[in-house]
Amino acid sequence: MSLAEASEARKARLIALRKRKAGEAVDEANEGAEPVIKHRSFDPSTRTLKKHAPDDDVRMEDTVEHQVEGLAQKIIAEDAERRAQDLDLHNIQPKKPNWDLKRELDKKLSRLERKTQEAIHTLIRQRLAAQKGQSDDIVGAMNAEQRAGENDASSDEED
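Bear in mind the structure is a predicted one, so any value in this text is a computation, not a measurement.

1. Observations concerning the overall build of the protein chain
Then step 1. Tallying secondary structure elements over the protein chain gives six helices and two strands in all.
Then step 2. What you see in the protein chain, going N to C, is helices and strands ordered as α-β-β-α-α-α-α-α.
Then step 3. Considering the protein chain as a whole, with its 159 residues, one finds that 4% of them fall into the buried category.
Then step 4. Accessible surface, the protein chain as shown: approximately 15500 Å² in total, 54% of it carbon and sulfur.

2. Quick notes on unusual backbone geometry
The general pattern is negative phi for most residues beyond glycine and trans for most peptide bonds.
Then step 1. Even without a glycine there, the phi angle at Arg47 is positive, about 60°.
Then step 2. With respect to the element layout, Arg47 can be found in the loop between strand 1 (42–43) and strand 2 (48–49).

3. Considerations on the confidence of the model for the protein chain
Then step 1. When pLDDT is averaged across the protein chain, the result is 76; 66% of the residues are at 70 or more.
Then step 2. Helix 4 (residues 89–92) is the least confidently modelled element of the protein chain, averaging 62 in pLDDT, while helix 1 (residues 3–22) averages 91, the highest of any element.

4. Quick look at a nonpolar patch on the surface
Then step 1. The grouping of Val64, Val68, Leu71 and Ile75 at the surface amounts to a nonpolar patch, some 340 Å² of accessible area in total.
Then step 2. Relative to the helices and strands, Ile75 resides in helix 3 (residues 71–86).

5. Details of helix 5 (residues 99–132)
Then step 1. A rise of 1.5 Å per residue sets the reference length of helix 5, with its 34 residues, at 50 Å; its end C-alpha atoms lie 48 Å apart and thus fit the reference within 8%.
Then step 2. Along helix 5, the sharpest change in direction is near 40° and occurs at Asp106.

6. Things to note about the environment of Ala129
Then step 1. Within the fold, Ala129 resides in helix 5.
Then step 2. With relative accessibility at 21%, the residue Ala129 sits in the partly exposed group.

7. Section: a positive patch on the surface
Then step 1. Taken together, Lys107, Lys108, Arg111, Arg114 and Lys115 make up a surface patch of like positive charges.
Then step 2. In this fold, Arg111 is placed in helix 5.

About the cut-offs
- Residues numbered from 1 in each chain as written.
- Predicted model: local features only at pLDDT ≥ 70, side-chain atom pairs only at ≥ 80, totals over all residues.
- Heavy atoms only, no water.
- Helix = DSSP H or I, 4+ residues; strand = E, 2+ residues; numbered from the N terminus.
- Buried < 20%, exposed > 50% of the residue type's maximum accessible area, 1.4 Å probe, protein only.
- Areas by Shrake-Rupley, 256 points an atom, 1.4 Å probe, with all protein chains shown as cover.
- pLDDT = per-residue confidence, 0-100.
- Patch = residues over 30% accessible without salt bridge, like charges linked within 9 Å, V, L, I, M, F, W, Y side chains within 5 Å.
- Salt bridge = Lys/Arg side-chain N within 4 Å of Asp/Glu carboxyl O.
- Expected span 1.5 Å × (residues − 1).
- Bend = angle between axes of the 7 residues up to and from the residue.
- Lys, Arg positive; Asp, Glu negative; His and termini not counted.
- Charge placed at Lys NZ, Arg CZ, Asp CG, Glu CD.

What follows is the structure, given as structure tokens:
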């Protein structure tokens, strides 16, 4: 099929489509024929226009308007309930009266906790060193000498 033949076939299809849209018969000539009446709002039996009746309406159940019909009233009722609950004194006051003090002291207490742990570790190290007799401080050395003296006295009594 050449380009010219394809073009002629396309033109013929387009002309036929235009005639179908206009309501004309494709193969017939338009000599003396009445226009085709499309029966959308025309009643062919009475030859008058149809009147719109509310009973004829098709009610669609799944439209957005029907889904949100009572939504505004429901939201207003829920908001009124929330406001009534918010005015209750038990909901206004905090559960613990000193919650804000604890919140502010948490940072300071965390620093003190770290320093306390470091101090405990140094004390434990000093006691272990004193038990071995390698203490650098005077109190640790005195305690080590006292323990050594007690150990000597207890060993003399056993002999």
